[in-house]
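Next come the chains, spelled out residue by residue.
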Protein chains: 2
Amino acid sequence: MHQTAGETNGWFTEVGVLNSKEVTISMKINQVIEQRKSEFQNILVFQNDVFGRCLVLDNAVQCTELDEHSYQEMGAFIPLNIHPNPKRVLIIGGGDGGIAREVCKHPCVEEIVQCEIDKEVVEVSKKHLPFMAKGFDSPKVNLLFDDGYKYVLEHKNEFDVIITDSSDPIGPAVTLFQTEYYQALFECLRPGGIICCQGESYWFDLKFIKSLYKKVKSIFPSVAYASTAVASYPSGQIGFLIGCKGTNVNFEEPLHKFTEKQCEDMDLKYYSAKMHQAAFTLPRFVEKELNQP
Amino acid sequence: MHQTAGETNGWFTEVGVLNSKEVTISMKINQVIEQRKSEFQNILVFQNDVFGRCLVLDNAVQCTELDEHSYQEMGAFIPLNIHPNPKRVLIIGGGDGGIAREVCKHPCVEEIVQCEIDKEVVEVSKKHLPFMAKGFDSPKVNLLFDDGYKYVLEHKNEFDVIITDSSDPIGPAVTLFQTEYYQALFECLRPGGIICCQGESYWFDLKFIKSLYKKVKSIFPSVAYASTAVASYPSGQIGFLIGCKGTNVNFEEPLHKFTEKQCEDMDLKYYSAKMHQAAFTLPRFVEKELNQP
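Residues numbered from 1 in each chain as written. Chains lettered and ligands numbered in written order. Predicted model: local features only at pLDDT ≥ 70, side-chain atom pairs only at ≥ 80, totals over all residues. Heavy atoms only, no water.

An unreviewed UniProt entry annotates chain A as PABS domain-containing protein originating from Blomia tropicalis. Quoted verbatim from the Sequence similarities (unreviewed entry) heading of the UniProt record, the comment on chain A is "Belongs to the spermidine/spermine synthase family." (UniProt positions renumbered as here; feature names shortened; annotations may be inferred.)

Put into structure tokens, the structure is as follows:
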């Protein structure tokens with residue numbers, strides 16, 4: 001007996017992707033807004049009374065109206081605020097537009113290149129998730145539809161911050177979790193550059209996180225894992241792997257600390273300088289696993 | 001069409017208790033270990049490959065082997081380490097023994113009174129959840145089977161710390177979320193005493209938390225909400241409402257900071273002085289809601 005992933009009887013069920021199929025989250029579908037199959041994946045947008053609009057790719061919830069700000073704000077401002085002057089930013093993936101929406105708020109950022117493999121995710125988001133897709137309206141954003149890994153390989157020494165906003169390491173995002181990709185990111189960065197990559201959940205995927213951590217550490221002199229809370233993800237927790245080309249980086253201490261007024265003006269719902277610091281404070285069992293050889 | 005709470009087809013499904021019935025978590029039951037109906041509630045213990053042993057009361061997961069340490073360590077050491085000298089501790093509820101297990105590790109604690117309404121929860125935990133129920137083996141613990149609210153009403157000025165480890169505000173725990181209960185806790189504390197109560201999830205229950213926060217604030221001079229991550233709870237996040245009889249309390253700054261060696265000796269998997277500090281750092285949307293009149 002098992003639970004079926006996907007849409008059944010008016011409910012969407014997510015079965016853990018990396019962990020064994022022993023835990024599921026289900027959300028009631030009050031309305032199917034859009035459902036289609038792109039060249040790369042299945043796309044579903046539905047409405048739930050608690051989470052609001054929900055975007056699902058290949059049976060995994062990517063973001064919901066209730067809690068997307070946590071992922072987007074932390075994924076954008078943690079790396080941006082560790083960098084002394086993040087002028088040029090590259091976003092890999094992030095087709096919903098939420099990361100772009102946050103990155104373009106940063107006062108230092110002059111230009112954003114975004115490379116999303118699936119044009120249809122952007123189309124669907126523009127149509128049904130305008131609260132995120134409005135990120136694409138900024139004149140700072142140059143949106144390309146291309147393979148992120150290929151783009152990174154072809155551009156050397158160009159960006160201050162690279163954010164990989166990918167789905168899980170199956171399907172179209174599989175290459176974005178491999179050593180070769182992190183090496184290409186390293187070369188794509190300018191000196192002192194920072195990467196921030198989707199880093200999975202420590203509750204279910206700690207061994208996987210450790211393997212990623214080791215890969216990044218074999219290439220970047222400074223590496224850390226930052227945690228955030230996302231209610232719609234299995235376990236309610238997800239993290240970011242952060243790497244920096246520089247040495248002796250104090251990840252916990254943001255170089256840009258937004259004032260309360262700036263936070264208000266930027267409409268920040270989750271991120272603050274204190275949340276930045278707290279994100280790098282990890283439970284003892286996680287610290288121990290990551291620091292063990 | 002809706003999902004059914006409880007045990008069906010070899011799966012246990014939890015339907016949000018406080019939020020509308022729009023989101024569920026399901027765990028595969030690999031083995032039913034025990035299932036019975038006590039005078040107060042339905043008790044279920046089952047085995048799941050990801051979470052290990054799971055304790056369920058009235059269709060809500062109370063704790064699982066994978067992540068119970070997060071709730072128990074934070075619920076015990078946050079209040080204990082805010083108090084300068086927590087000698088006498090009262091635990092209301094907590095029939096699994098996990099909170100008692102942590103409290104008796106604290107070097108200052110001399111005596112613990114625990115008042116659990118349901119003898120059968122303790123019986124079941126001793127039989128099937130020994131990793132938590134071992135808390136009851138400590139000679140410091142005096143375990144009573146009685147109504148917690150009644151006990152608190154009858155004891156004035158006796159305890160330094162009172163921890164309410166209750167289930168959700170339906171069923172046997174309903175009185176433990178009422179103003180009269182917080183007033184009784186206030187009177188049960190010695191001067192400078194601290195309470196720590198189960199405080200629900202900010203993702204789903206923010207309005208409820210705010211109402212609790214206001215109740216506690218109307219009685220205690222100092223109040224705060226501390227957050228922890230628990231993968232097996234809906235949304236993956238739960239908090240504690242902390243109140244102190246003293247004024248100008250700096251909740252974030254533990255008065256007792258365990259060294260790494262102490263943490264190891266106490267077998268702490270989650271809590272550290274830094275996790276203590278981070279627990280009081282809340283997302284902006286939570287801060288704003290709690291601080292609004």
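**Student:** Where do I start with the packing of helix α7 (residues 202–217) of chain B against helix α10 (residues 284–291) of chain B in this structure?
**Tutor:** All names here are of chain B. For the pair α7 and α10, the least separation of the axes is 9 Å and the interaxial angle reads 25°. By the angle class used here, α7 and α10 are roughly parallel. Crossing hand, α7 versus α10: right-handed. On the side of α7, the interface is formed by Tyr202, Trp203, Leu206, Lys207, Ile209, Lys210 and Tyr213, while α10 contributes Phe285, Val286, Glu289, Leu290 and Asn291. By residue class, the composition of the contact of α7 with α10 is eight nonpolar, one polar and three charged. (Axes fitted to C-alpha atoms, helices over the stretch in contact; angles between N-to-C directions. Helix = DSSP H or I, 4+ residues; strand = E, 2+ residues; numbered from the N terminus. Parallel < 35°, antiparallel > 145°, perpendicular 65-115°, else oblique. Left-handed = near helix turned anticlockwise from the far one by under 90°. Contact = heavy atoms within 4.5 Å. Nonpolar A, V, L, I, M, F, W, Y, C, P; charged D, E, K, R; others polar.)

**Student:** Which parts of the structure should I look at to understand the relation of the copies chain B and chain A?
**Tutor:** For these two chain copies, the linking operation is a rotation about an axis paired with a shift along it. The transform that puts chain B on chain A rotates by 180° and translates by 0.0 Å along the axis, for an RMSD of 0.0 Å. Expressed as a symmetry operation, the mapping of one chain copy onto the other fits a two-fold axis. (Least-squares fit on C-alpha atoms with pLDDT ≥ 70 in both.)

**Student:** What exactly am I supposed to notice about the packing of aromatic side chains here?
**Tutor:** Within a pair of aromatic rings, the relevant descriptors are the distance that separates the centres and the angle that separates the planes. Taken as a whole and assessed by the stated rule, the structure comprises 34 aromatic pairs over all chains. Summarising the aromatic geometry, the rings of A:Tyr149 and A:Tyr181 are spaced 6.0 Å apart at their centres and angled 75° between planes, so their arrangement reads as edge-to-face. Separated by 32 residues along the polypeptide, A:Tyr149 in helix α5 (residues 148–154) and A:Tyr181 in helix α6 (residues 179–188) bring together distant segments of the chain. What makes A:Tyr181 buried here is its relative accessible area of 0%. Here the aromatic residues A:Tyr202, A:Trp203, A:Phe285 and B:Tyr270 are joined through ring pairs into a cluster of three or more. Above the face of the A:Phe186 ring, A:Lys245 is positioned so that its terminal group lies 4.7 Å from the ring centre. (Phe/Tyr/Trp six-rings, centres within 6.5 Å; stacked < 30°, edge-to-face > 60°. Buried < 20%, exposed > 50% of the residue type's maximum accessible area, 1.4 Å probe, protein only. Lys NZ or Arg CZ within 6 Å of the ring centre and 35° of its normal.)

**Student:** Explain the domain arrangement of chain A here, please?
**Tutor:** In many analyses, interface size is given as the accessible surface area lost on bringing the parts together. Residue and element names in this part refer to chain A. Annotation of chain A at the domain level lists domain 1 (4–64) and domain 2 (68–291). Once you take the C-alpha centre of each, domain 1 and domain 2 turn out to be 23 Å apart. Between domain 1 and domain 2, the residue contacts involve 27 residues of the former and 28 residues of the latter. Roughly 2400 Å² of surface becomes buried between domain 1 and domain 2 when both sides are summed, with 65% attributable to carbon and sulfur atoms. Summed over the shared surface of domain 1 and domain 2, the result is three salt bridges. (Domains from an automatic or database assignment. Buried area = accessible area lost by both parts, 1.4 Å probe. Salt bridge = Lys/Arg side-chain N within 4 Å of Asp/Glu carboxyl O.)

**Student:** Would you explain the interface of chain B and chain A in this entry?
**Tutor:** Contact with chain B, which involves 50 residues of that partner, is made by 50 residues of chain A. Taken together, both faces of the contact between chain B and chain A bury some 4000 Å²; the carbon and sulfur share is 57%. The three residues of chain B that bury the most area against chain A are B:Glu22, B:Trp203 and B:Arg284, which together make up 21% of that side's buried surface. The tally of links between chain B and chain A comes to eight salt bridges. Between A:Glu264 and B:Arg284 there is a salt bridge, and its shortest N-O distance comes to 3.2 Å. One can count 25 residue pairs in polar contact (both at pLDDT 80 or more) joining chain B with chain A. Secondary-structure elements contributing two or more residues to the side of chain B that touches chain A are β2 (11–15), β3 (23–28), α1 (68–82), α7, α8 (260–265), α9 (273–279) and α10 of chain B. When residues in the side of chain B that touches chain A are grouped by element, the largest group, six residues, is from β3(B). (Polar contact = N/O pair within 3.5 Å; in protein donor to acceptor, adjacent residues only side chain to side chain.)

**Student:** Is there a simple way to think about the pairing of strand β12 (residues 189–198) of chain B in this case?
**Tutor:** Consecutive residues of a regular strand have side chains that alternate between opposite faces of the sheet. Residue and element names in this part refer to chain B. For β12, the tally of buried residues reaches seven of 10 residues, placing the bulk of the element in the interior. Regarding topology, helix α6 (residues 179–188) serves as the crossover connection from strand β11 (residues 159–165) to the parallel β12, and that connection is right-handed. Sheet analysis places β12 next to strand β14 (residues 237–244), joined by five bridges and oriented antiparallel. In the strand pairing of β14, Ile195 is matched with Gly243. (Right-handed = clockwise from strand over helix to strand, strands pointing away. Pairing = 2+ DSSP bridges.)

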